[in-house]
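Observations on the three-dimensional arrangement
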Amino acid sequence: MVQILPSILASDFARLGEQVRLVESAGIEMLHVDIMDGHFVPNLTFGPPVVESLRRVTKLQLDHHLMIEDPDFFAPLFIKAGATSVSVHYEVCRHLHRTLQLIRGEGAKAGVVINPATPVWFLCDVLEVVDYVLVMSVNPGFGGQEFIPHSVEKVRQLDRYRKEKDLRFAIEIDGGISEHNVAEVVGAGVDWIVAGTSVFHAPDPVAAIHEMQQRANEAYRETWRFAPQAPVPAPTSMRM
C-alpha cells in the first residue's frame, strides 16, 4: 500500500513532539526528515541531536533525506541517532555504490535521490542495489515549492525499469505533493509520498493525511487492477 510520509520540515519546531504525535494519530508509519547542510543546498535544518529527540518520542520509521556534501561521514551518525532509512543524492556521491553499501552496513535502508535536472538513466547501474529511489519534484532546499510536472514521467521511467528487471525498490517523491496531484503520481508508480506543507500547514493535518491517503489508495487500486505482477512492497524498517 502507498505510504504518506509527513515531512517535519514544514512542522512547528517549537511544538515538534506534539506535531509528531498528531500526525502519528492519523495512522502513518513513516516520517520524512530533511537534512540540509547549507552547502549542497542553501539552507540548514537538523543535526543528530534532533533525530535522537525524535526517536525518543516516536516509534515511527524515520526516513532521512541527506541534502549534504559529505554523506559518508554523516549517514552513520544519523543512523545511530535513529534513522531507519537514508537517501543520498546522486549529484554529490563520487562513489555512490560504496555509499549505499555503507548505509546498509550501518543497519538502515539505502536510497538514492535525483534532482529535477538529473536523468533517470544515470541510476541504471545502482538500481539493483538500492532499497528506494527518491525523485525530487522540486529543487531541493526549501519547502512549499510548486510541483515540477516532468517528475511524473521520471517516475514512469523508474516504474518501467523495475518491472522489466523484476526489481523491488520503492519509488518515493518529494516536493509540491497535495491532494490535487497525489493520484497522478501514484498512478505513475509512486510508493512513498512525502508531504510537508500540504499536511502541517493544513487547518487539520490529520484530515489532510486521510484525504491524501484515500486518494492515493483509490489510484493504487485502479493502477494495479489489471497488473501482470504483484505491486512493489514498501521496505520494512531494519531498526526501531
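Structural data are supplied above this passage.
Summary of the structure given here. The structure displayed is predicted, hence computed values, not measured ones.

**Here we look at the overall build of the chain**
Of regular secondary structure, the chain possesses eight helices and eight strands. Each principal axis of the C-alpha atoms in the chain carries an extent, and together these give about 45 × 45 × 30 Å. Here the chain holds 240 residues, and 56% of them are scored as buried. Across the chain, contacts joining residues at least 24 apart in sequence account for 66% of those joining residues at least 6 apart. When the accessible surface of the chain is summed, it comes to about 10,800 Å², and 52% of that surface belongs to carbon and sulfur atoms. Positive and negative side-chain charges of the chain, numbering 21 and 30 respectively, have mean locations separated by a distance of 5 Å.

**Focus: the packing of helix α2 (residues 48-57) against helix α3 (residues 71-81)**
Running from N to C, α2 and α3 cross one another at 25°; their axes reach a closest spacing of 8 Å. Our classification of the angle between α2 and α3 gives roughly parallel. α2 and α3 meet at a crossing whose hand is right-handed. For the pair formed by α2 and α3, the contact residues are Pro48, Val51, Glu52 and Arg55 on the first element and Leu77, Phe78 and Ala81 on the second. Its residues assigned to classes, the contact of α2 with α3 shows five nonpolar, no polar and two charged.

**Concerning the pairing of strand β3 (residues 61-67)**
Of all the seven residues making up β3, seven are buried; the element is thus mostly covered by neighbouring parts of the structure. The alternating pattern of β3 places Gln61, Asp63, His65 and Met67 and Leu62, His64 and Leu66 on opposite faces, both of which are buried. Judged from the seven bridges that link them, strand β2 (residues 30-36) and β3 form a sheet pairing that is parallel. Looking at the pairing, methionine 30 lines up with glutamine 61 of β3. Crossover handedness for the path β2 to α2 to β3: right-handed. Relative to strand β4 (residues 85-89), β3 runs parallel, the two sharing four bridges.

**So, empty space enclosed by the protein**
Counting across every chain of the model gives two cavities of 30 Å³ or more. Each pocket or cavity is described by its volume, and for the largest cavity that value is around 40 Å³. Lining the largest cavity, in full, are Arg162, Val186, Gly189, Val190, Asp191, Tyr220, Thr223 and Trp224. Ranked by residues supplied to the lining of the largest cavity, first place goes to helix α8 (residues 205-224) with three residues.

**Things to note about the state of the cysteines**
Throughout the structure, instances matching the rule amount to zero disulfides. Unpaired in this structure, cysteine 93 has its nearest cysteine sulfur neighbour in cysteine 124, at a distance of 17 Å. Accessibility expressed as a relative area gives 12% for cysteine 93, which makes it buried. Among the residues examined, cysteine 124 registers a relative accessible area of 28% and is labelled partly exposed.

Rules and cut-offs
Residues numbered from 1 in each chain as written. Predicted model: local features only at pLDDT ≥ 70, side-chain atom pairs only at ≥ 80, totals over all residues. Heavy atoms only, no water. Helix = DSSP H or I, 4+ residues; strand = E, 2+ residues; numbered from the N terminus. Buried < 20%, exposed > 50% of the residue type's maximum accessible area, 1.4 Å probe, protein only. Contact = heavy atoms within 4.5 Å. Areas by Shrake-Rupley, 256 points an atom, 1.4 Å probe, with all protein chains shown as cover. Lys, Arg positive; Asp, Glu negative; His and termini not counted. Charge placed at Lys NZ, Arg CZ, Asp CG, Glu CD. Axes fitted to C-alpha atoms, helices over the stretch in contact; angles between N-to-C directions. Parallel < 35°, antiparallel > 145°, perpendicular 65-115°, else oblique. Left-handed = near helix turned anticlockwise from the far one by under 90°. Nonpolar A, V, L, I, M, F, W, Y, C, P; charged D, E, K, R; others polar. Pairing = 2+ DSSP bridges. Right-handed = clockwise from strand over helix to strand, strands pointing away. 1 Å grid on protein atoms, 1.4 Å probe; cavity = no way out; pocket = protein on both sides within 12 Å on 5 of 7 lines; lining within 4 Å. Points joined across faces, edges and corners; volume = space filled by probe spheres on them. Disulfide = S-S within 2.5 Å.

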